[in-house]
Amino acid sequence: MTERLSVDYMALEAAHSSGVYAKRALTIVRGEGAYLWDAEGNRYIDCVGGQGAANVGHCHPKVVAAIQAQAGVLLSCPELFYNDQRALLLQKLTRLAAMPRAFLCNSGAEAVEAALKFAKFATKRTEVVATMRGFHGRTMGALSATWEPKYREPFAPLVPNYQHVPFNDLAAAEAAITEQTAAVLVEVVQGEGGVRPADGDYLRGLQALCRERGALFIVDEVQTGFGRTGRMFAHQHYALAPDLMPVAKSIAGGVPFGACLIGERVGALQPAIHGTTFGGNPLGCAAALAAIDVLIEEDLSARAAALGDFLMARLGDLPRRFRAQVREVRGLGLLFGIELRGKVAPVLKALQARGVLALPAGLNVLRLLPPLVIAQADLEQVARAIESVLEELGAAAIE
Ligand code: PMP
């Protein structure tokens with residue numbers, strides 16, 4: 001510990017990091033389950049959850065053991081060969097998703113990028129319909145589908161023929177989806193866009209429009225997948241059958257990994273139209289095999305549903321109790337959002353001082369993405385910390 005403290009990690013990062021991240025003054029050095037520790041040894045309840053990558057908890061022993069075992073056997077194996085771990089993962093993942101094939105990659109943006117390319121290739125069409133407040137990643141194709149102007153504007157021109165329609169507005173989508181539309185891209189709950197759940201009728205309507213007009217239906221489950229919302233995949237709440245489903249974040253228990261699940265309507269893809277060196281690497285596949293087993297064995301989807309209900313019962317009346325500060329509380333399972341009337345930054349800072357790490361979703365929404373293994377008693381402590389911060393900030397506003 002003394003050795004750790006003698007190095008100023010924050011200064012090192014600040015001096016040499018790209019500059020594209022706004023960081024908090026906190027150096028995290030260790031994690032276990034739903035807890036994180038900083039370099040001074042302080043423990044935090046983690047409601048950042050690796051920004052969605054830690055659903056099975058930090059350093060889950062089964063994931064750690066799988067990584068350790070595979071690390072001594074084979075690390076690199078591009079998809080010009082077959083591989084035992086990859087074969088087993090493809091079987092497990094496609095069964096889990098009830099979709100026949102998958103393209104393996106390394107991140108959410110890559111999984112979305114693959115979905116968009118496959119949709120264009122399969123339909124021979126060029127147009128993409130996405131939604132306002134949607135977030136799909138920051139590579140050029142995924143960014144073109146992302147709505148937030150401050151992410152997009154510095155990088156214009158983006159990929160042509162993308163349009164954004166109002167979320168949860170089926171009539172607007174109906175007007176936008178044409179015989180030229182390759183794909184419609186939507187999240188079941190908009191995560192980065194403010195924790196906004198879609199209506200079931202809206203999603204079913206989008207799927208039907210896609211079928212009717214020959215477009216492919218892409219459901220981006222990068223943030224909502226792997227138990228987060230109370231089902232293994234959020235679209236299962238509404239019995240949807242996406243044609244393409246990008247996933248990433250928690251797929252491999254915290255190791256960088258992604259996948260684009262591919263449905264029957266996509267048809268045959270051809271060698272060389274897409275690919276990536278690390279896609280389907282044995283280390284990531286072994287980690288993903290273990291992480292998916294943990295999700296199933298520990299029934300973490302059901303746990304997320306129950307804990308989500310607990311949080312909603314506990315905090316659902318914040319807009320009434322803290323009328324001056326809270327506009328709305330919403331979410332699905334353990335993808336939980338509290339929309340504030342003011343900025344979320346001071347709330348995050350005050351929560352950190354109380355030992356709770358949480359996320360924003362835009363400027364005004366407090367987002368909680370705890371590992372699904374979090375204890376209910378810890379969520380109760382999070383709820384108390386939020387109440388106490390709102391009380392403190394409310395008192396400050398009156399002064
Ligand atoms: N899609 C969604 C719905 C996301 O929430 C994110 C990440 N927040 C992405 C895509 C991009 O994933 P990554 O950061 O791994 O590129």
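Summarised in this report is the structure supplied together with it. These numbers were taken from a predicted model, which means no experiment stands behind them. (Residues numbered from 1 in each chain as written. Predicted model: local features only at pLDDT ≥ 70, side-chain atom pairs only at ≥ 80, totals over all residues. Heavy atoms only, no water.)

## What to know about the pattern of salt bridges
Logical step 1: On inspection of all chains with the given rule, the structure shows 21 salt bridges.
Logical step 2: Among the salt bridges present, the one from Lys-92 reaches Asp-293, with a minimum N-O distance of 2.6 Å. Of the two residues, Lys-92 sits in helix 5 (residues 84–97) while Asp-293 sits in helix 11 (residues 282–297), which places them 201 residues apart along the sequence.
Logical step 3: Taking relative accessible area as the criterion, Lys-92 reaches 26% and is therefore assigned partly exposed.
Logical step 4: With a shortest N-O distance of 2.5 Å, Glu-387 and Arg-321 are connected by a salt bridge. With a gap of 66 residues between them, Glu-387 in helix 15 (residues 376–398) and Arg-321 in helix 13 (residues 318–321) connect regions that are remote in the sequence.
Logical step 5: The structure contains a network of salt bridges with shared partners spanning Arg-314, Asp-317, Arg-320, Arg-321, Glu-380, Arg-384 and Glu-387. (Salt bridge = Lys/Arg side-chain N within 4 Å of Asp/Glu carboxyl O. Helix = DSSP H or I, 4+ residues; strand = E, 2+ residues; numbered from the N terminus. Buried < 20%, exposed > 50% of the residue type's maximum accessible area, 1.4 Å probe, protein only.)

## Examining the packing of helix 4 (residues 61–71) against helix 11
Logical step 1: Look at helix 4 against helix 11: their axes get within 8 Å of each other, and the N-to-C directions meet at 155°. Considered as vectors, helix 4 and helix 11 are oriented roughly antiparallel to each other. Helix 4 and helix 11 meet at a crossing whose hand is right-handed. Note on element contacts: helix 11 touches helix 4 through Pro-282, Leu-283, Ala-286, Ala-287, Ala-290, Ala-291, Val-294 and Glu-297, opposite Lys-62, Val-63, Ala-66, Ile-67, Gln-70 and Ala-71. (Axes fitted to C-alpha atoms, helices over the stretch in contact; angles between N-to-C directions. Parallel < 35°, antiparallel > 145°, perpendicular 65-115°, else oblique. Left-handed = near helix turned anticlockwise from the far one by under 90°. Contact = heavy atoms within 4.5 Å.)

## Quick word on the packing of aromatic side chains
Logical step 1: By the definition in use, this model includes five aromatic pairs.
Logical step 2: Between the aromatic rings of Phe-135 and Tyr-151, the centroid separation amounts to 5.8 Å while the plane-to-plane angle is 85°, which identifies the pairing as edge-to-face. Taken together, the residues Phe-135 in the loop between strand 5 (127–131) and helix 7 (140–145) and Tyr-151 in helix 8 (residues 149–152) connect sequence positions 16 residues apart.
Logical step 3: Since its relative accessible area comes to 17%, Phe-135 is described here as buried.
Logical step 4: Exposure remark for Tyr-151: the relative accessible area of 23% places this residue in the partly exposed category.
Logical step 5: Ring geometry for Phe-167 versus Tyr-202: centroids 5.8 Å apart, planes at 75°, classification edge-to-face. Pair noted here: Phe-167 is in the loop between strand 6 (162–165) and helix 9 (170–176) and Tyr-202 is in helix 10 (residues 200–213), with a separation of 35 residues, a long-range link. Exposure class is identical for Phe-167 and Tyr-202. Each is buried.
Logical step 6: For Arg-30, the ring lying beneath its charged end belongs to Trp-37, and the centroid distance is 3.9 Å. (Phe/Tyr/Trp six-rings, centres within 6.5 Å; stacked < 30°, edge-to-face > 60°. Lys NZ or Arg CZ within 6 Å of the ring centre and 35° of its normal.)

## Looking at the layout of surface pockets
Logical step 1: Of the volumes computed, that of the second largest pocket is approximately 660 Å³.
Logical step 2: Glu-79, Ala-102, Phe-103, Leu-104 and His-274 are the residues nearest the centre of the second largest pocket, which is lined by 24 residues in total.
Logical step 3: Sorting the residues of the lining of the second largest pocket by element identifies helix 5 and strand 4 (101–105) as the ones contributing at least two each.
Logical step 4: Broken down by class, the residue content of the lining of the second largest pocket amounts to 15 nonpolar, six polar and three charged. (1 Å grid on protein atoms, 1.4 Å probe; cavity = no way out; pocket = protein on both sides within 12 Å on 5 of 7 lines; lining within 4 Å. Points joined across faces, edges and corners; volume = space filled by probe spheres on them. Nonpolar A, V, L, I, M, F, W, Y, C, P; charged D, E, K, R; others polar.)

## Observations regarding the pairing of strand 7 (residues 181–186)
Logical step 1: With respect to burial, strand 7 is a largely interior element, six of its six residues being buried.
Logical step 2: With three bridges connecting them, strand 5 and strand 7 associate as parallel partners. Considered in strand 7, the bridge of Val-129 is made with Val-184.
Logical step 3: Looking at chain direction, strand 7 and strand 10 (residues 216–219) are connected through four bridges and run parallel. In the strand pairing of strand 10, Ala-183 is matched with Leu-216. (Pairing = 2+ DSSP bridges.)

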